[in-house]
Amino acid sequence: MTVLLRILIVLCSLTTAAHFLRFGTLWDAAPALLALPAAFFPRFLPRPLLALGLLGSALLWAEHGTELATLRMNFGLPWMRLALILGAVCLAHLGATALLLTGPGKKLFGPLSGVQVVKTATALMVGGVLLMAVDKTPFPLLLGDRFFPGSEIFWICLFAIYGAMVSGWLLADSRGKVRSRIWTLFSAVFFGQLLLGLAGFSIFLMTGKLHLPVPALILAGPLYRGEGFFMPILLGVSLLLTGPAWCSYLCYIGAWDDRLARLAARPPAPLPAWAPRVRPGLSCSLCGDCLPRCPHGHLGYSFPGLPRERARQVFVTLVASLHAVFLAVARI
Ligand code: SF4
């Protein structure tokens, strides 16, 4: 049955991509093709996300088939063969979804764990925020879209998958290295674009005009201009959702502070047995580096009404989503 599931994923991915290819460019078809690697590398996409994608495609084919059959009926044209073909395509998608959610899916992708739910939630958050941002911004917001006009949906899907991977890496990281790496990557991409902008390549600047890379200007710039409030809203929502974690996951200047601090860092000693009485101070930036250091498991994230592990999963979903969104849109 796992072979059948693999075959169905490949066929569904190709047919849905072919459908989008008929209406536009390769960029419109590419997101459907992102399901292809998941058939052979199950870690590429979380199982619930793939199931949602297949279900969405099934609904698309059902709606498309009904529309075309009704059109043909209204014009007195033969419609039965078309309805049978598109109905079979829709059923294949539903069959793949059912297999994915039951035994064969579990065998191929592993049991439905909290990690898979976190990865799916992150991908949906990143995709949703970027779709909204691209829709509300009068200029091409994503860098890839500036070089390849009309490709925004492909980049949005790619960043959603990247966000899902980051949340999985953060949850599995027991040595506190992933946070530093993704943070440095974001800062390098951000300042790399600034340098290219300074060198005269205005395509790497947010609006084509340069301003100082001072976080306060994220607020001051739009207030002065009276427009372009997307970045201040993104900053405000990020601070509201993650609080001091801005300083340990998202600040493009703080990333270099972290890099330099790590040059001379010595591994901290394990916390002593009286650690339950230790509470993080006001300056705690929620980086989480101390969690794996306590051999007694006394340190953890907390949120009212949530058990410790669930609180960490919610936190990781938020910071991984914001990191992926920032990586996609943040530039001077
Ligand atoms: S107390 Fe822990 S989570 Fe807070 S800043 Fe220190 S290492 Fe990071």
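The rules behind the values
Residues numbered from 1 in each chain as written. Predicted model: local features only at pLDDT ≥ 70, side-chain atom pairs only at ≥ 80, totals over all residues. Helix = DSSP H or I, 4+ residues; strand = E, 2+ residues; numbered from the N terminus. Expected span 1.5 Å × (residues − 1). Buried ≥ 20, exposed ≤ 12 C-beta atoms within 10 Å, placed from the backbone. Contact = placed C-beta atoms within 7 Å. Axes fitted to C-alpha atoms, helices over the stretch in contact; angles between N-to-C directions. Parallel < 35°, antiparallel > 145°, perpendicular 65-115°, else oblique. Left-handed = near helix turned anticlockwise from the far one by under 90°. Nonpolar A, V, L, I, M, F, W, Y, C, P; charged D, E, K, R; others polar. Core = buried A, V, L, I, M, F, W, Y, C linked by C-beta atoms within 7 Å. Domains from an automatic or database assignment.

Q: Whenever I open this one, helix H5 (residues 80–101) confuses me. Can you help?
A: Given 3.6 residues to a turn, an α-helix orients residues that are three or four positions apart in the same direction. Here H5 spans 31 Å end to end across 22 residues, near enough to the 32 Å set by a 1.5 Å rise per residue. For H5, the complete set of buried residues consists of Leu86, Val89, Cys90, His93, Ala96, Thr97, Leu99 and Leu100. Against helix H1 (2–23), helix H4 (47–74) and helix H6 (103–109) lie the buried residues of H5.

Q: Looking at this structure, I do not really get the packing of H1 against helix H2 (residues 26–33). What am I missing?
A: Interaxial distance between H1 and H2 falls to 7 Å at its minimum, and their mutual angle equals 165 degrees. Relative to H2, the element H1 lies roughly antiparallel. When the axes of H1 and H2 are compared, the crossing they make is right-handed. Of the residues in H2, those in contact with Ser13, Thr16, Ala17, Phe20, Leu21 and Phe23 of H1 are Leu26, Asp28, Ala29, Ala32 and Leu33. Taken together, the residues of the contact of H1 with H2 sort by class into 8 nonpolar, 2 polar and 1 charged.

Q: Teacher, can you tell me more about the packing of H4 against H5 here?
A: Packed helix pairs are characterised by how far apart their axes lie and by the angle those axes make with each other. Running from amino to carboxyl end, H4 crosses H5 at an angle of 165 degrees, the nearest separation of the two axes being 9 Å. With respect to H5, the element H4 is oriented roughly antiparallel. Relative to H5, H4 is oriented so that their crossing is left-handed. Of the residues in the contact of H4 with H5, the class split is 18 nonpolar, 6 polar and 2 charged.

Q: Can you help me understand the nonpolar core in this one?
A: When a protein is soluble and globular, its nonpolar side chains tend to lie buried together. Within the largest apolar cluster, 62 residues are counted, with the highest numbers of intra-cluster contacts made by Val126, Phe159 and Ala328. Built from parts of two domains, this core gets at least three residues from each of domain 1 (1–110) and domain 2 (113–263 + 282–332). When neighbours within four sequence positions are excluded, Phe159 is seen to be in contact with Val126, Leu130, Ala324, Leu327 and Ala328.

Q: Mind showing me how you'd approach the domain arrangement of the protein chain here?
A: Interface size is commonly expressed as the accessible surface area that is lost when the partners come together. Domain boundaries assigned for the protein chain yield domain 1 (1–110) and domain 2 (113–263 + 282–332). Spacing between the C-alpha centres of domain 1 and domain 2 amounts to 32 Å. Counting residues per element, the ones that place at least two in the side of domain 1 that touches domain 2 are H2 and H4. With 4 residues, the single largest contributor to the side of domain 1 that touches domain 2 is H2. Class assignment of the residues belonging to the side of domain 1 that touches domain 2 gives a composition of 8 nonpolar, 1 polar and 2 charged.

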